[in-house]
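Here is how the chains run, residue by residue.
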There are 2 protein chains.
Amino acid sequence: MIDPPMTDISKKSQIYNAAARLFRKKGYKATSMQDIANALDIKAASLYNHISSKQEILKFLLINIADAFTSGMKDIEESSLDDIEKLEQLVILHVDLTLRYKDSIALITGEWVHLENPYLDQYLKQRNQYEKRFLTILKRCQKHSHIDAKINLDIALFSILSSLHWLYNWYNKNKSISKIELSRQLKLILLKGIINI
Amino acid sequence: MIDPPMTDISKKSQIYNAAARLFRKKGYKATSMQDIANALDIKAASLYNHISSKQEILKFLLINIADAFTSGMKDIEESSLDDIEKLEQLVILHVDLTLRYKDSIALITGEWVHLENPYLDQYLKQRNQYEKRFLTILKRCQKHSHIDAKINLDIALFSILSSLHWLYNWYNKNKSISKIELSRQLKLILLKGIINI
DNA sequence: GCTTTGAACTAACAATTGTTAGTTTACATG
DNA sequence: CATGTAAACTAACAATTGTTAGTTCAAAGC
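Residues numbered from 1 in each chain as written. Chains lettered and ligands numbered in written order. Predicted model: local features only at pLDDT ≥ 70, side-chain atom pairs only at ≥ 80, totals over all residues. Heavy atoms only, no water.

1. So, the interface of chain B and chain A
Across the contact, 30 residues belong to chain B and 30 residues belong to chain A. Roughly 2800 Å² is buried in total at the junction of chain B and chain A, and carbon and sulfur atoms are behind 69% of that figure. Considering only the surface of chain B that becomes buried against chain A, F158(B), W166(B) and I189(B) emerge as the three largest contributors, covering 23% of it. At the boundary of chain B and chain A, one finds zero salt bridges. (Contact = heavy atoms within 4.5 Å. Buried area = accessible area lost by both parts, 1.4 Å probe. Salt bridge = Lys/Arg side-chain N within 4 Å of Asp/Glu carboxyl O.)

This is how it looks when you write it as structure tokens:
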């Protein structure tokens, strides 16, 4: 979540939320501080009472999601589920986070390139590790013959992650479908194809 | 293709190519005319001897790819292949165009939002039609029981297209794999899961 | 009631943006 | 040689960018 005080939503959080929505719609570079300020009915300069820079907003949003994925992965790894169930749980994790972080999740498909360098490195490192851990689970599935030996797991991983990362884009115009059903369908479509029997 | 004269590559084409590479790496808004000019070792103002505006470059690149997809779809629809073979052929089409238009293909995942409005509408219309025609083929597969009835085809379509649109991003760091093998794997991974026996 | 503080404001900044106008240079054609 | 053209150049433009400094105002804490 984004809101520290439980009374009502803090101004800082409001800024993050508004920025996320705008970054999603127009992109980071095309979103001006004026745009963000307008969304909150204040002047651009007033934003700096709450945040230190535009870049800090992007950093906050991206590091936040990255952490959410990392911690979700950890929970799944440490569970006692078998490998296929772990894959299913990863699908659910992505659906979950997509619905929870509706706007800022969009940044991971492209806007992260505008992150600057102490944090860009951190973000990419975290992302690479996530993919590596995802791949490890796939490898164990293949080793135990749950995935056909002729499947190239690098391609399978990229394919699965593409769909899951792109989900945010598709979901907003199809809100009719329930979260449960969405997860069920994605497990079918993404996993059934690579799991024998 | 991008090069009209067959002698050597025209300046206009060089501009389109350089811009595509930069748009891909930094995004449309973050790429300045100076950036493009620097890539060609000329001054920014000199670009206007060959092109009329930055927006025109984006328009050219996007309409070009959209046309390539539309015409590829038409060829497949008019072929005498059965529906499953048509799906396989669509996968090949995407792989083909991804390798052919290495850079500008990247624009379709996000930078199209910066297209302005006579052309934005045209682009989106073309894209929607493409998806509709893709879906039609999927529906026929399901009607003839090649795809399980419990699969939601809207989700299946979005999932397939996500992987195929994202391919450009993955391919550059994995050039070791051949085009043939890549198509084969994607057909397996994307289609085998939704096609019965 | 005085003081502190949070949060808005105005004004200004230096830099960068896309683009235009006018000029110069190099080369090919007559 | 003279001329025309293609394509580079310089200089300048108006607008917008993110950000800083300094100020004002209202509410909270003492």
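2. Examining the packing of aromatic side chains
Summed over the entire model, instances satisfying the criterion amount to 15 aromatic pairs over all chains. Relative to F60(B), the ring of Y16(B) lies with its centre 3.9 Å away and its plane at 10 degrees, an arrangement referred to as stacked. Here Y16(B) is found in helix 1 (residues 11-26), whereas its partner F60(B) is found in helix 3 (residues 54-78), with 44 residues between them in sequence. Site record: aromatic cluster; members linked through ring pairs are W166(A), Y168(A), W166(B) and Y168(B). It is K54(B) that lies over the ring of Y28(B); its NZ or CZ is 4.4 Å from the centre. (Phe/Tyr/Trp six-rings, centres within 6.5 Å; stacked < 30°, edge-to-face > 60°. Helix = DSSP H or I, 4+ residues; strand = E, 2+ residues; numbered from the N terminus. Lys NZ or Arg CZ within 6 Å of the ring centre and 35° of its normal.)

3. Digging into the side chain of Q185(B)
Considering the arrangement of structural elements, one finds Q185(B) in helix 7 (residues 179-191). Overall, Q185(B) belongs to the buried group, its relative accessible area being 1%. (Buried < 20%, exposed > 50% of the residue type's maximum accessible area, 1.4 Å probe, protein only.)

4. Looking at the protein's contact with DNA strand D
With respect to spatial proximity, 14 residues lie near DNA strand D, and among them Y48(A), K43(B), S46(B), N49(B) and H50(B) are the closest. In DNA strand D, atoms within 4 Å of the protein come from the sugar-phosphate backbone in 70% of cases. Between DNA strand D and the protein, one listed contact pairs a phosphate oxygen with a side-chain N or O atom of K54(A) at 2.9 Å. Measuring from a base nitrogen of DNA strand D, one finds a side-chain N or O atom of N49(B) at 2.5 Å. (Near = heavy atom within 4 Å. Polar contact = N/O pair within 3.5 Å; in protein donor to acceptor, adjacent residues only side chain to side chain.)

5. Thoughts on the packing of helix 7 (residues 179-191) of chain A against helix 6 (residues 153-171) of chain B
The geometry of helix 7 of chain A relative to helix 6 of chain B is characterised by a closest axis approach of 10 Å and an angle of 55 degrees between their N-to-C directions. Accordingly, the angle class assigned to the pair helix 7 of chain A and helix 6 of chain B is oblique. Taken as a pair, helix 7 of chain A and helix 6 of chain B cross one another with a handedness that is right-handed. Contacts between helix 7 of chain A and helix 6 of chain B involve L182(A), Q185(A), L186(A), I189(A) and L190(A) from the former and I155(B), A156(B), F158(B) and S159(B) from the latter. Along the lines of polarity and charge, the residues of the contact of helix 7 of chain A with helix 6 of chain B split into seven nonpolar, two polar and no charged. (Axes fitted to C-alpha atoms, helices over the stretch in contact; angles between N-to-C directions. Parallel < 35°, antiparallel > 145°, perpendicular 65-115°, else oblique. Left-handed = near helix turned anticlockwise from the far one by under 90°. Nonpolar A, V, L, I, M, F, W, Y, C, P; charged D, E, K, R; others polar.)

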